[in-house]
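Descriptive analysis of the structure
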Amino acid sequence: MSSESITPISDDNFETEVLSASIPVLVDFWAEWCGPCKAMMPIVENIARKYSGKIRVGKINVDEERDLAARYNIRGIPTLMLFCDGNVEEIKVGAQSESQIASMIDSRL
């Protein structure tokens, strides 16, 4: 994960970066070994650039952050969650197109 527009999220910064954020946060739950997760990386990076300043985008590696994955009942990856004011507003499980992700975000802006 090399994009400057995507924030790595861990248990240490979850409260600050996601729950207390003043703008919506799109969180991508992923894993290094997950093919669909890797395929979605450029799409998520594009979304992060396209919506810069309107939303924050973060990634949570489910292998490294097992407690967060368990807290949000992640059963399949990739899972995208859109948080607004600290609440989960929408969840998408499985690979998504850029237009599907954009539609999810646009409905909350």
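Everything below is about the structure shown above.
Not measured: the values here are computed from a predicted model. Per chain, residue numbering runs from 1 following the sequence as it is written. Only residues with pLDDT of at least 70 get local features here, since the model is predicted, and only at 80 or more are side-chain atom pairs given and counted; chain-wide, interface and lining totals rely on the full set of residues. No hydrogens and no water enter the side-chain calculation; it runs on all heavy atoms of the structure.

Quick look at the overall build of the protein chain
Each helix is a run of DSSP H or I of at least 4 residues and each strand a run of E of at least 2, with the numbering of both proceeding from the N terminus. Tallying secondary structure elements over the protein chain gives four helices and five strands in all. Mapped in sequence order, the helices and strands of the protein chain form the string β-α-β-α-β-α-β-β-α. The globule rule used for comparison is 2.2 Å times the number of residues to the exponent 0.38, while the radius of gyration itself is calculated over C-alpha atoms. Scaling as 2.2 N^0.38, a compact globule of 109 residues should have a C-alpha radius of gyration of about 13 Å, and the protein chain matches this with 12 Å. Overall, the protein chain is about 30 × 30 × 25 Å in size when its C-alpha atoms are taken along their principal axes. Note on classification: 1.4 Å probe, protein chains only; a residue is buried when its accessible area is under 20% of the maximum for its type, exposed when over 50%, partly exposed between these limits. Within the protein chain, the fraction of its 109 residues that count as buried is 46%. By the convention used here, residues are in contact when the closest approach between their heavy atoms is within 4.5 Å. Of the contacts formed within the protein chain by residues at least 6 apart in sequence, a portion of 71% connects residues at least 24 apart. Taking the average place of the 11 positive charges on the side chains of the protein chain and the average place of its 17 negative ones, the gap between the two points comes to 6 Å. Positive residues here are Lys and Arg, negative ones are Asp and Glu, while His and the chain termini are left out of the count. All charge positions are set by atom: Lys at NZ, Arg at CZ, Asp at CG, Glu at CD.

What to know about the packing of aromatic side chains
Note on aromatic contacts: the rings of Phe and Tyr and the six-membered ring of Trp form a pair at centre separations within 6.5 Å, being stacked when their planes are under 30 degrees apart, edge-to-face when over 60 apart, and tilted otherwise. Under the criterion given, the structure shown has four aromatic pairs. Here the aromatic rings of F14 and F83 are separated by 5.9 Å at their centres, their planes lie at 80 degrees, and the arrangement is edge-to-face. With F14 in helix α1 (residues 14-19) and F83 in strand β4 (residues 79-84), this pair connects stretches of sequence that are 69 residues apart. A centroid spacing of 5.4 Å and a plane angle of 85 degrees characterise the contact between Y72 and F83, whose relative ring orientation is edge-to-face. You can see Y72 sitting in the loop between α3 (66-71) and β4 and its partner F83 sitting in strand β4, a full 11 residues away along the chain. Overall, Y72 belongs to the buried group, its relative accessible area being 18%. The class for F83 is buried, based on a relative accessible area of 1%. An aromatic cluster is defined as three or more aromatic residues linked by ring pairs; in this entry it consists of F14, F29, Y72 and F83.

Overview of the pattern of salt bridges
Every case where a carboxyl oxygen of Asp or Glu lies within 4 Å of a side-chain nitrogen of Lys or Arg is listed as a salt bridge. In this structure the tally under the stated criterion is six salt bridges. Of the charged contacts, one joins D11 and R71 as a salt bridge, the two residues approaching to 3.3 Å between their closest N and O atoms. Here D11 is found in the loop between β1 (6-8) and α1, whereas its partner R71 is found in helix α3, with 60 residues between them in sequence. Its relative accessible area of 38% is what places D11 among the partly exposed residues. Residue R71 is classed as partly exposed on the basis of its relative accessible area, which comes to 48%. Between E90 and K92 there is a salt bridge whose closest N-O contact spans 3.6 Å. One connected set of salt bridges, linked through shared partners, spans E89, E90, K92 and R108.

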